Amino acid sequence: MTREQPWSDDGTTHGRILVLSDNPIARAIETIGRTVGREVLVEGADDGGPGLDPRPGDAVVLCDHDAPDAPAVLRAALASDASYVAMMASRRRSEGLLAELVAEGVDVTRLHVPAGHNLGGKAPGEIALSVVAEIVAESYDRPGGAMRG
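The rules behind the values
- Residues numbered from 1 in each chain as written.
- Predicted model: local features only at pLDDT ≥ 70, side-chain atom pairs only at ≥ 80, totals over all residues.
- Heavy atoms only, no water.
- Core = buried A, V, L, I, M, F, W, Y, C linked by side-chain atoms within 4.5 Å.
- Buried < 20%, exposed > 50% of the residue type's maximum accessible area, 1.4 Å probe, protein only.
- Helix = DSSP H or I, 4+ residues; strand = E, 2+ residues; numbered from the N terminus.
- Contact = heavy atoms within 4.5 Å.
- Axes fitted to C-alpha atoms, helices over the stretch in contact; angles between N-to-C directions.
- Parallel < 35°, antiparallel > 145°, perpendicular 65-115°, else oblique.
- Left-handed = near helix turned anticlockwise from the far one by under 90°.
- Nonpolar A, V, L, I, M, F, W, Y, C, P; charged D, E, K, R; others polar.
- Salt bridge = Lys/Arg side-chain N within 4 Å of Asp/Glu carboxyl O.
- 1 Å grid on protein atoms, 1.4 Å probe; cavity = no way out; pocket = protein on both sides within 12 Å on 5 of 7 lines; lining within 4 Å.
- Points joined across faces, edges and corners; volume = space filled by probe spheres on them.

Moving on, we get to the nonpolar core. In this structure, Leu-74, Val-85, Met-87 and Leu-111 are the most contacted members of the largest nonpolar core, which totals 22 residues. Contributing elements (two or more residues each) for this core: strand 1 (17-20), strand 3 (59-62), helix 2 (70-79), strand 4 (84-87) and helix 3 (91-103). Tallying contributions element by element places helix 2 first for this core, with 5 residues. Ignoring anything within four residues of it in the chain, the contact list for Val-85 reads Val-60, Leu-74, Ala-77, Leu-78, Arg-110, Leu-111 and His-112. Membership of the second largest hydrophobic core comes to 19 residues, among which are Ile-25, Ala-26, Cys-63 and Tyr-84.

Structure, rendered in structure tokens:
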């Protein structure tokens, strides 16, 4: 009798996870993202550095909504073919930045803010887990959440 394995080794290719800037949550996203088989690039410069340059299928996560270049990073990510764009911030803290982008004519409808699934965690690793879970769910066109019906 052959046991059925609950995983697949089919070698599915996924986009990268691009993270701005370097902080405990970003480092935890990097660890968890690599564990689930994603290439993760953390840009430490809070001014966007040389540029994240999202490609189709990439996920862009802004981990510092107070970064000097946050509006430019979001503008570029939302104009790109990235499949997931998110910002770590509460709805209240993000209101001003979102209003600024909308006033400029930027379509923010696909921006995930706050980033991640509502797991309730507060520690950097718990927050990162929720963000990577959302990225994985989105990459498979799934809503996330419990599998039990």
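All right, on to the packing of helix 2 against helix 3 then. Contact pair helix 2 / helix 3: the axes reach a minimum separation of 11 Å and the direction vectors enclose 55°. Classified by the interaxial angle, the pair formed by helix 2 and helix 3 is oblique. Pair helix 2 / helix 3 crosses with right-handed handedness. Contacts between helix 2 and helix 3 involve Ala-70, Pro-71, Leu-74 and Arg-75 from the former and Leu-97, Glu-100 and Leu-101 from the latter. Residues belonging to the contact of helix 2 with helix 3 are distributed by class as follows: 5 nonpolar, no polar and 2 charged.

Where charged atoms of side chains with opposite charge meet at close range, the side chains can pair. As enumerated under the stated definition, the model contains 4 salt bridges in all. Ionic pairing is found between Arg-27 and Asp-22, a salt bridge with its closest N-O pair at 2.7 Å. Look at Arg-27 and you get partly exposed, because its relative accessible area is 41%. Take Asp-22: its relative accessible area is 41%, and that puts it in the partly exposed class.

Considering only enclosed or pocket space, the largest pocket measures out at about 490 Å³ in volume. Around the largest pocket sit 14 residues that line it, and Ala-137, Arg-142, Gly-144, Gly-145 and Met-147 are the ones nearest its centre. Here the residues of the lining of the largest pocket are counted per class, giving 9 nonpolar, 4 polar and 1 charged. Computed from the structure, the second largest pocket encloses a volume of approximately 410 Å³. Residue lining of the second largest pocket: 19 residues in total, with Met-88, Pro-114, Ala-115, Gly-121 and Ile-127 positioned closest to the centre. Considering every element that reaches the lining of the second largest pocket, the biggest residue donor is helix 4 (residues 124-139), with 3 residues. Looking at side-chain class alone, the lining of the second largest pocket contains 8 nonpolar, 9 polar and 2 charged residues.

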